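The primary structure of each chain is shown beneath.
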Amino acid sequence: MLASAATRPVVGRVGFGAASPHVVAAWTSAAPAASYHSKRQARKHAFLGQVRRRVNGQEATPTPAPSGELKYPLTHVPTTRLANGWTPPPDNPPDLPFRVQRTATGQFLPVYTDIKNARSRVVTVVRNIDGDIQEMQRELSIVCGAAVDQRAGRLEVAGRHTQNIRDWLVGLGF
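As the structure is a computational prediction, the values presented were derived from the model and not from experiment.

Engineer: Is there a simple way to think about the overall build of the chain in this case?
Structural biologist: Each helix and strand in the chain was counted, giving 3 helices and 10 strands. Ordered by position from the N terminus, the helices and strands of the chain form the series β-β-α-β-β-β-β-β-β-α-β-β-α. Here the contacts in the chain between residues at least 6 apart in sequence split such that 53% fall between residues at least 24 apart. Carbon and sulfur atoms form 55% of the exposed surface of the chain, whose accessible area is close to 12300 Å².

Engineer: How do you make sense of unusual backbone geometry when you look at a structure like this?
Structural biologist: Located in the positive-phi region is Gln 107, a residue other than glycine, with phi close to 55°. Summarising the element assignment, Gln 107 is placed in the loop between strand 5 (98–100) and strand 6 (111–116). In this structure, Asn 117 takes a positive phi of about 55° despite not being glycine. Along the polypeptide, Asn 117 turns up in the loop between strand 6 and strand 7 (121–127).

Engineer: Got a minute to help me understand the side chain of Glu 135 in this structure?
Structural biologist: Mapped onto the secondary structure, Glu 135 falls in helix 2 (residues 133–144). What makes Glu 135 buried here is its relative accessible area of 5%. Excluding anything up to four places from it in sequence, Glu 135 contacts Lys 71, Tyr 72, Pro 97 and Phe 98.

Engineer: Got a minute to help me understand the nonpolar core in this structure?
Structural biologist: Across soluble globular proteins, you tend to see nonpolar side chains buried next to one another. In this structure, Phe 98, Met 136, Leu 140, Ile 165, Trp 168, Leu 169 and Phe 174 are the most contacted members of the largest nonpolar core, which totals 22 residues. Elements supplying a minimum of two residues to this core: strand 5, helix 2, strand 10 (154–158) and helix 3 (162–172). Considering every element that reaches this core, the biggest residue donor is helix 3, with 5 residues. Ignoring any residue separated from it by four or fewer positions in sequence, one finds Leu 140 in contact with Val 126, Val 148, Leu 155, Val 157, Ile 165 and Trp 168.

Engineer: Explanation requested: helix 2 in the structure shown.
Structural biologist: The periodicity of an α-helix, 3.6 residues per turn, causes residues three or four positions apart to be oriented the same way. For helix 2, which comprises 12 residues, the first-to-last C-alpha distance of 16 Å matches the rise-based estimate of 16 Å (1.5 Å per residue) to within 8%. Those residues of helix 2 lying buried are Glu 135, Met 136, Gln 137, Glu 139, Leu 140, Val 143 and Cys 144. Buried residues along helix 2 sit in contact with strand 5, strand 7, strand 8 (129–131), strand 9 (148–151), strand 10 and helix 3. Regarding helix 2, its N-cap is Asp 132, as a side-chain oxygen of that residue lies 3.5 Å from the backbone nitrogen of Gln 134 further along. Phi for Gly 145, located one or two positions after helix 2, is positive at around 70°.

Engineer: Any chance you could explain the side chain of Thr 103 here in plain terms?
Structural biologist: Of note, Thr 103 is situated in the loop between strand 5 and strand 6. By relative accessible area, which is 13% here, Thr 103 ends up buried. Only 3.1 Å separates the side chain of Thr 103 from the backbone oxygen of Thr 105, close enough to count as a polar contact. Once residues lying within four places of it in the same chain are set aside, the contact partners of Thr 103 are Phe 108, Pro 110 and Tyr 112.

Engineer: Quick question: what am I supposed to make of the pairing of strand 9 here?
Structural biologist: On a regular strand, each side chain points to the face opposite its neighbour's, so the side chains alternate between the two faces of the sheet. For strand 9 and strand 10, the ladder comprises 4 bridges, and the chain directions are antiparallel. The residue bridging Asp 149 from the neighbouring strand is Glu 156, located in strand 10. Counted along the chain from strand 9 to the antiparallel partner strand 10, the turn is 2 residues long, and its residue Gly 153 has a positive phi close to 80°.

Rules used in this analysis
- Numbers given for residues are sequential positions, taken from 1 along each chain in its written order.
- Local features are withheld for residues below a pLDDT of 70 in this predicted model, meaning they are given only at 70 or higher, and side-chain atom pairs are given and counted only at 80 or more; totals for whole chains, interfaces and linings count all residues.
- Based on all heavy atoms of the structure, the side-chain values leave hydrogens and waters out of the count.
- Strands are runs of DSSP state E lasting at least two residues, helices are runs of H or I lasting at least four, and both sets are numbered from the N terminus onward.
- The criterion used for residue contact is that any of the two residues' heavy atoms lie within 4.5 Å.
- Throughout, the Shrake-Rupley method with a 1.4 Å probe supplies accessible areas, and for residues the shown protein chains are the sole cover considered.
- For the exposure calls, accessible area comes from a 1.4 Å probe over protein chains only, and a residue counts as buried if that area is under 20% of its type's maximum, exposed if over 50%, partly exposed in between.
- Definition used in this section: a nonpolar core is a set of buried Ala, Val, Leu, Ile, Met, Phe, Trp, Tyr and Cys residues joined via side-chain atoms within 4.5 Å.
- To estimate the expected span of a helix, subtract one from its residue number and multiply by 1.5 Å.
- Between N or O atoms, a polar contact is any pair within 3.5 Å; within protein, one atom must be a potential hydrogen donor and the other a potential acceptor, and residues adjacent in sequence are included only when both atoms are from side chains.
- Here a strand pair is declared whenever DSSP counts at least two bridges between the two strands.

What follows is the structure, encoded as C-alpha cells:
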C-alpha cells in the first residue's frame, strides 16, 4: 500500500543515542481534529441557546402579570433605552419597602442569568437588594410566575426571566 500525502508513516528513534535499536513508527493524519471537536461541542451544548416557543405558528411573547395582582403598579416609563437594554436611572428613587441598587460600573440593573447543576438548570439572579426582601420575593414570584428562592444577598428565580425582571424593575423606577 502506498502512503499518500494525507497519511504517511513517521519513523523515529527512541533511546539514548543515535544508534539506539528501538524504532517507533506511527501514522499521522492531515485531517484536522478541531473541526470535529467544535461540531461535537456545538451539538453537546445546543440546548443552552434560548428557545423560542411558537403558539399557532407565531412566536409567543412573555405576558406580563396583570397590574391588579401586583401590589406596586408600574409607574415609570424610561425616556431612552439602548440596544443592550440599558436605561438611565431615574432622578428620584421610588418609595417602596424594597430597593435595588444599580451596579457601580455602568449603572446596570443587577439581574443575571446563571446556569447550574452541570448545565441542566437555568436560574435568574437578582442582587443588590435592600429593605423588605420577603415583599420583593412575593412580587417577583407574581411577575415571573415561578418559584423564587432567597439566598445570601440575592434572590434566585427558577428559569430564564432576565428581561421580564429588568422591565419590571425599570417600570417600578429603579
